[in-house]
Amino acid sequence: MSSPSRRTFLRTTAIGTTAIGATALGSATADALPTGSATTAASPPKGMRTEQEWAAFLAGSDLRWKRLPGTFFEGPFLGNGAFGAAAYRHPTRQRLTFELGDSRVRDHQDGVGALFGHSRLRIGYLTLETAGDVTGVDLRLSLWDAELSGTITTTAGTVALRSFVHATRDLLVVDATPAGGETVGWTFTPFPAVSPRLASKPRPAGLKDNPDPVLADDHCDQDLAAGGRTTTAWHVNGRTLLATVAHTFPDRTATEVAAQRLKRAAPLDELTREHRRWWHRFYPKSFLSLPDARLQAFYWIQLYKMACATRVDRPVIGTAAQWLQPTPWPGTWWNLNVQLEYWLINATGHTELDSLTRSLDRYRDNLVANTAEQYRSDSAGIGRVTQEDLRSDAFGVPGQVPSGDYGVPEVGNLPWALHDVWMRYRHTMDDTLLRTVLFPLLRRAINYYLHFLTEGSDGRLHLPATYSPEYATTRDCNYDLALLTWGCQALLEAAARLKIDDPLIPKWHDVLNRLVPPPQGDDGLWIGADVQLTTSHRHFSHMLWFHPLHLLDVTDPANRDLLKRSLAHWLGLPGAQQGYTFTGGASMNALLGDGDSALTNLSTLLTTYVKPNTMYAESGPVMETPLSGARSLHDMLLQSWGGTIRVFPAIPSAWTDVAMQDLRTEGAFLVTAVRRDGRTAFISIRSLAGEPLRLIPGGMTGPYEVLRNGKAAKWHESGGVLEIELHKGDEALIYPAGTRPDTRVAPVTAAAAPPWGLP
């Protein structure tokens, strides 16, 4: 193993309010830096203001169907953060069905594992019983209204259809109007309450059979052997169906809960208004438009999908969310899936979807209980898989390698999940979140590592064998070394900001000063000290140093070379690669400023791995990969690691026009920028927290004009980085000197592309 130079392995020991791992770009004193002042007036940016403008824009991203979808991966999906439905063909007949799902519905048998005794359970499907067989459809899923509508054609006539899962009530609404010789009715078919994992894995000893469901005219009760009940209930009023699912445990009051929910339902017009009001407030928090119509539509569908899959008060997203299908993954995975699912909420400002932070806070006692008893006084952790209560079947001990998939010492999952919380903090600068949730949980997660660090003959601190997700167990595992490094840096920064005189501060400094450098060789980063990357690897667990932790600054030539070698070697080993290989690769390309390669990787994702409705599968539905593709796109348009905002850092050469408005960055800034004819016309930045502003205006060359709150402002520039003093609430406008920029923010022109769905 070659030893990296000190330049290759950057650690920052100075603590301030900028992002961890920040380097001093332009270290001269402010008085010595060049200054300038704005002389040309310009208007503040104006984006889409009306609902009509938003509706027209998002209509271009709607999913459409000209034939009956045959599977979940082809059909429309609806949801409100926990309850949901998916529409596709009946398994044996030419009828349209709505399969119901709820991320809160699971078994409760203790002692037989999260994926069997506590498994999430399928519920059943409602069939639209038409007089004739379905021969065609013309359906459209409106993102703006979060509604499915259109016409179903049968051998007997037609049915006009409109359907939605209410944004805030657990109700499926289907309005079906027959015409010609058609009639409509509804039947419900329950699924047995068994773990979907039993189809591919042996039945564990002690797992009890649940009773058969009991089907009545307007509801279906599914009792559970361990207690509790799931009830599906429906009511038809004229042409309109209302359906709901209730799950109670340990009591069996779900029947009453479901009945009361239907009884309290408002009239259809009021339900529609309530539903649309929520969604119409959701989208305008941020805006993004590209000259690539299919990628742009994919992006907006991911925002829709995320809001369907979770809300802040709902369970953390499971691997299949609420749209459970035949799958070996009826739970929540923590060695990549959860982390990738939540990335897109930061730049878009959708903190109302952050069920991850709330879950980690709510179930912190279970995170402690996951560790062995001797570590519970000061540690916490999470194993590979849980249900929404975050209890793990097993949580490994470094240096101990028991048999079985879930006993391996995969100990970095909680620190990685907490990095998502850190990014939530950095994008909001919410010190209450930092003090009450992130700092105490991260302190425990990092403490777990500290129990196992040992000093080697080289004077460095080393980790015993731990598991690098999806590859191997090895000493000095890069997955864990990177997370331990980030965790110590984050704790030091948090302690300084919060003025906490923590007794572990000297220890965190010692770890940063003496931790072994990342194992690597001529082919780039290794898995760990004992294991090189020699076979195809879908996971980028060994490369967290670069993405998403940003610990190795790529502006340093040695680090840049290391990333290039690591990326080329990793992507050059095909065979085991999956969709998230290419979203991770795209983000790392963007980190290098290589927009063309980033776009190539995203194109591979869309053409090879993404299903017609933008879902993704690995033996069953897997939510994280398309959602992480939205983060990759953000990384191409806007980065803010290292305490510096980078606008348009990795734009593909074919994208001459791009527009974005109110995308958030670390330091809690809202960034609006427009690129026209290959150049950045203007950049507007509003400070939400008064943090220091350092900016690299990609696609714009100096000299610059800078306005602060509409008036000429002083600014400093060094090494291509602009420094502008903004107080909380201030807004800066930057544009080329001597111009009067057009500050309108509008959708850019894109060539027509087939819509998602089955067009």
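See above for the structure.
Below: a short report on this structure. Keep in mind it's a predicted model, so treat the numbers as computed, not measured. (Residues numbered from 1 in each chain as written. Predicted model: local features only at pLDDT ≥ 70, side-chain atom pairs only at ≥ 80, totals over all residues. Heavy atoms only, no water.)

A word on the pattern of salt bridges
Then comes step 1: Considering all chains together, one arrives at 40 salt bridges under this definition.
Then comes step 2: A salt bridge links Arg203 to Asp209; the shortest N-O distance between them is 2.8 Å.
Then comes step 3: Arg565 serves as the salt-bridge partner of Asp561, at 2.8 Å between the closest nitrogen and oxygen. A residue pair is termed a helical-turn pair when its members lie 3 or 4 positions apart in one helix, as Asp561 and Arg565 do in helix α14 (residues 557–571) at 4 residues.
Then comes step 4: By relative accessible area, Arg565 is classed as partly exposed at 26%. (Salt bridge = Lys/Arg side-chain N within 4 Å of Asp/Glu carboxyl O. Helix = DSSP H or I, 4+ residues; strand = E, 2+ residues; numbered from the N terminus. Buried < 20%, exposed > 50% of the residue type's maximum accessible area, 1.4 Å probe, protein only.)

Examining the packing of helix α4 (residues 268–282) against helix α5 (residues 293–309)
Then comes step 1: Where α4 meets α5, the axes come as close as 12 Å, and the angle between the chain directions of the two elements is 130 degrees. One finds that α4 runs oblique with respect to α5. In terms of crossing hand, the pair formed by α4 and α5 is right-handed. The residues of α5 that touch α4, namely those facing Trp278, Trp279 and Phe282, are Leu303, Tyr304, Ala307 and Cys308. (Axes fitted to C-alpha atoms, helices over the stretch in contact; angles between N-to-C directions. Parallel < 35°, antiparallel > 145°, perpendicular 65-115°, else oblique. Left-handed = near helix turned anticlockwise from the far one by under 90°. Contact = heavy atoms within 4.5 Å.)

Concerning the sheet that holds strand β35 (residues 731–736)
Then comes step 1: One open sheet holds the 7 strands; their spatial order is β16-β27-β28-β29-β35-β31-β32, and the pairing between them is antiparallel. Each of the sheet's edge strands pairs with one partner strand only, and the pair in question is β16 (287–289) and β32 (711–712).
Then comes step 2: Where strand β31 (residues 704–708) meets β32, 2 bridges bridge the pair, whose relative direction is antiparallel. Within β32, the residue paired with Arg708 across the bridge is Lys711. (Pairing = 2+ DSSP bridges.)

Considerations on the environment of Phe287
Then comes step 1: Looking at the element boundaries, Phe287 is found in strand β16.
Then comes step 2: For Phe287, a relative accessible area of 3% translates into the label buried.
Then comes step 3: Spatially, the C-alpha atoms of Phe287 and Leu512 are 39 Å apart, while their sequence positions differ by 225 residues.
Then comes step 4: Setting aside residues up to four positions removed in sequence, Phe287 forms contacts with Met48, Trp54, Phe57, Trp300, Ala659, Met660, Gln661, Leu663, Val745, Ala746 and Pro747.

Let's talk about the layout of surface pockets
Then comes step 1: Taken as a whole, the largest pocket spans an internal volume of roughly 400 Å³.
Then comes step 2: Arg104, Pro315, Arg362, Tyr363 and Glu388 are, among the 22 residues lining the largest pocket, the residues nearest its centre.
Then comes step 3: Elements with a minimum of two residues in the lining of the largest pocket: β15 (240–248), α3 (254–263) and α8 (355–362).
Then comes step 4: Looking at the lining of the largest pocket element by element, the count peaks at 4 residues for β15.
Then comes step 5: The residue inventory of the lining of the largest pocket, partitioned by class, reads 7 nonpolar, 4 polar and 11 charged. (1 Å grid on protein atoms, 1.4 Å probe; cavity = no way out; pocket = protein on both sides within 12 Å on 5 of 7 lines; lining within 4 Å. Points joined across faces, edges and corners; volume = space filled by probe spheres on them. Nonpolar A, V, L, I, M, F, W, Y, C, P; charged D, E, K, R; others polar.)

Examining the nonpolar core
Then comes step 1: Counting residues in hydrophobic clusters, the biggest one holds 222 residues, and the most contacted among them are Leu172 and Leu360.
Then comes step 2: Examining the composition of this core, we find that 13 residues originate from one element, helix α12 (residues 478–498), more than from any other.
Then comes step 3: Not counting residues within four places of it along the chain, the set of residues in contact with Leu172 comprises Leu78, Phe83, Ala85, Phe98, Leu100, Leu126, Ser163, Phe164, Val165, Leu241, Leu242 and Ala243. (Core = buried A, V, L, I, M, F, W, Y, C linked by side-chain atoms within 4.5 Å.)

Notes on unusual backbone geometry
Then comes step 1: The peptide bond linking Phe249 to Pro250 adopts the cis configuration, its omega dihedral lying at 5 degrees.
Then comes step 2: As for its position among the elements, Pro250 is in the loop between β15 and α3.
Then comes step 3: Residues Gly702 and Pro703 are joined by a peptide bond in cis, for which omega reads 0 degrees.
Then comes step 4: The phi angle at Ala146 is positive, at roughly 50 degrees, despite the residue not being glycine.
Then comes step 5: Position of Ala146 relative to the elements: it lies in the loop between β7 (134–142) and β8 (147–154).
Then comes step 6: Under the relative-accessibility criterion, Ala146 is labelled buried at 2%.
Then comes step 7: If you check the backbone angles, Asp662 has positive phi at about 55 degrees while not being a glycine.

So, empty space enclosed by the protein
Then comes step 1: On inspection of all chains with the given rule, the structure shows 7 cavities of 30 Å³ or more.
Then comes step 2: Considering only enclosed or pocket space, the largest cavity measures out at about 280 Å³ in volume.
Then comes step 3: His427, Arg631, Asp635, Leu638 and Ser640 are, among the 20 residues lining the largest cavity, the residues nearest its centre.
Then comes step 4: In terms of residue count, helix α17 (residues 624–637) provides more of the lining of the largest cavity than any other element does, 3 residues in total.
Then comes step 5: Residues belonging to the lining of the largest cavity are distributed by class as follows: 7 nonpolar, 9 polar and 4 charged.
Then comes step 6: Taken as a whole, the second largest cavity encloses approximately 90 Å³ of empty space.
Then comes step 7: Lining the second largest cavity are 14 residues, and of these Arg122, Ile123, Phe191, Gln222 and Thr230 lie nearest its centre.
Then comes step 8: Those elements that place two or more of their residues in the lining of the second largest cavity are β11 (184–190), β13 (219–223) and β14 (229–237).
Then comes step 9: Among the elements that line the lining of the second largest cavity, the one with the most residues is β13, at 3 residues.

The analysis is restricted to geometry; functional conclusions fall outside its scope.
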